[in-house]
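Fold and contact review
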Amino acid sequence: MVPSGQPSPAPPTDQASTRPDLATARPAPAPRAEPAARSTGIAALTLGDLAPDPEWRRPVLLDADLVVLITGGHGTAELDFRPLPCRPGTLLRVRPGQALRYAGGRLDAVVLRWTPAALLQDPRLGGDGDDVPAHRQLAGEDGDAVLNEVTQLVVDLRRQPDVPAARALLRHQLAVLLLRLTLLDADPANPAQAERRAESTTFRRLRQEIERGYQHTRRVEDYAAGIGCSVRTLTRACLAVTGRSAKQVIDERVALEASRLLAATDEPIARIGRRLGFPEPTNFGRFFTREAGVSPGVFRAARGRPTPTGPAQRDHEGREPAPPHRDREQASYHNGRERPAGHGGGRDGSTASRIVRPRPPTDPTARAGRA
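Not measured: the values here are computed from a predicted model. (Residues numbered from 1 in each chain as written. Predicted model: local features only at pLDDT ≥ 70, side-chain atom pairs only at ≥ 80, totals over all residues. Heavy atoms only, no water.)

Attention now moves to the overall build of the chain. Each helix and strand counted, the chain has 12 helices and seven strands in total. Across the 371 residues of the chain, 51% fall into the buried class. For the chain, the exposed surface amounts to about 16900 Å²; the carbon and sulfur share of it is 52%. (Helix = DSSP H or I, 4+ residues; strand = E, 2+ residues; numbered from the N terminus. Buried < 20%, exposed > 50% of the residue type's maximum accessible area, 1.4 Å probe, protein only. Areas by Shrake-Rupley, 256 points an atom, 1.4 Å probe, with all protein chains shown as cover.)

Now the structure itself:
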């Protein structure tokens, strides 16, 4: 019996569900490390394998790509501090460096983890899962297809010997799964998607540049020069894709990394600030407070609570600490897909692109995550 509030391992089975509703699906097989799996860099795990602390009192910084398929139970996962409801058929796409926390309930899940070497190096295929949203609920034929892919991959990870044919099989199965997940949202006949391709391409290039340089510079001009375009072009692309300016996108990435390090490590706050390009702790404190709505110390203390439903810790003004108020924008940046134009702020007619302060008192763990 697994105690309440901890993920339970998925019992083995060699059959995938064929029912249209994944609520009745049986879990995929439990993992076992075989030579072929180790040599390809692909592994099948459970949620409990991801954290050294079975109670998940703090987030875990992931060092590899993951696909998590919930096969039983109900609960909540936090991905980069956004609560995500989970039930049978929920799929999570987690990327290296993200902060994951199992936040309550009882879940059966299969976790697929892989290294970059496991991906087929064919640019014509894509299939790296970068376009898969961080959270989605599968159902019907799509759910059955994904569950079948996951089940067969886990079965073959357990039983295949370490021979070239088996290694090729596992890598192709992973590629097929990621391609299928990528195609779930593809709609080539949608004219709106075609119109946004140029802005999306520019935004993706900006994301790549930010990943390489956010610890050194937050100037839009530096990123525009690296890409070879104007500041205006970058800002237009960011507004079209996320509803935020290029400067806001850059600052949100820095604040997100600060949040991860504050919540998942014991590194001193001043050292975290220096790692992110703030030689003076006061400057880092002001930046983080502006972005998150609370100071770094209050944010860290709030993330040390044993469960999301535990007693709320309050700051010196009696307010409950909240996660960074840019959760929506962080989701659009790190989900692997961009938000459609018209869903967000900026010139597309939605919310204004101003800084919005959190409205205390609220329990940040009760806020619904955005897929």
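Further notes follow.
The end-to-end C-alpha distance of helix H3 (residues 164-183) is 28 Å, a good match for the 28 Å that 20 residues give at a rise of 1.5 Å each. For H3, the full list of buried residues reads Ala166, Leu170, Gln173, Leu174, Ala175, Leu177, Leu178 and Leu181. (Expected span 1.5 Å × (residues − 1).)

This part takes up the state of the cysteines. All told, the structure shown has zero disulfides when counted by the stated rule. Cys229 takes part in no disulfide bond, and the closest cysteine sulfur, belonging to Cys238, lies 9.3 Å away. (Disulfide = S-S within 2.5 Å.)

Our next topic: unusual backbone geometry. Positive phi, normally seen in glycine, also occurs at Asp80, with a value near 50°. With respect to the secondary-structure elements, Asp80 resides in the loop between strand S3 (65-79) and strand S4 (82-86). Take Asp80: its relative accessible area is 3%, and that puts it in the buried class. You will see that Phe81, though not glycine, has its phi angle at about 75°, which is positive. Position of Phe81 relative to the elements: it lies in the loop between S3 and S4.

Under the definition given, this model contains six aromatic pairs. Each ring, one from Trp56 and one from Tyr102, has its centre 6.3 Å from the other, and the planes form 65°; the classification is edge-to-face. Here Trp56 is found in the loop between strand S1 (42-45) and strand S2 (60-61), whereas its partner Tyr102 is found in strand S6 (residues 99-114), with 46 residues between them in sequence. Of the two residues, Trp56 and Tyr102, both sit in the buried class. Both rings, one in Phe288 and one in Phe299, keep their centres 5.4 Å apart while their planes meet at 75°; by these two values the pair is edge-to-face. On the criterion of sequence distance, the pair formed by Phe288 in helix H10 (residues 281-292) and Phe299 in helix H11 (residues 296-302) is long-range, its members being 11 residues apart. Under the relative-accessibility criterion, Phe299 is labelled buried at 1%. Of note, Arg218 hangs over the ring of Phe287, and the distance from its end group to the ring centre comes to 5.1 Å. Positioned above the aromatic ring of Tyr214, the side-chain terminus of Arg253 is 4.4 Å from the ring centre. (Phe/Tyr/Trp six-rings, centres within 6.5 Å; stacked < 30°, edge-to-face > 60°. Lys NZ or Arg CZ within 6 Å of the ring centre and 35° of its normal.)

Next up on the list: the pairing of S4. Counting buried residues along S4, four of its five residues qualify, which places the element largely inside the surrounding structure. Judged from the five bridges that link them, S3 and S4 form a sheet pairing that is antiparallel. Bridge pairing in S4 places Glu78 opposite Pro83. Hairpin connection, S3 to S4: the antiparallel pair is bridged by two residues, and Asp80 has positive phi, about 50°. (Pairing = 2+ DSSP bridges.)

Here the chain averages 76 in pLDDT, while 67% of its residues score no lower than 70. pLDDT under 50 marks residues 1-6. Its contacts with residues more than four places away, or in other chains, come to 14 contacts. In the model, residues 8-32 has pLDDT below 50 throughout and makes 71 contacts with residues more than four positions away in sequence or in other chains. (pLDDT = per-residue confidence, 0-100. Contact = heavy atoms within 4.5 Å.)

Ranked by internal contacts, the top residues of the largest apolar core, which has 32 residues, are Leu206, Ile210, Tyr223, Leu234, Leu276 and Phe299. Among the elements of the structure, helix H5 (197-213), helix H6 (220-227), helix H7 (231-242), helix H8 (246-264) and H10 are those that each provide at least two residues to this core. Ranked by residue count, the leading element in this core is H8, at 10 residues. Core analysis: the second largest hydrophobic core is formed by 27 residues, Val110, Leu112, Leu153 and Ala166 among them. (Core = buried A, V, L, I, M, F, W, Y, C linked by side-chain atoms within 4.5 Å.)

What follows is about the side chain of Gln173. The residue Gln173 is located in helix H3 in this model. A polar contact of 2.6 Å, which involves the side chain of Gln173, links it to the side chain of Asp156. Sequence-distant contacts of Gln173, defined by excluding residues within four places in its chain, comprise Gln152, Leu153 and Asp156. (Polar contact = N/O pair within 3.5 Å; in protein donor to acceptor, adjacent residues only side chain to side chain.)

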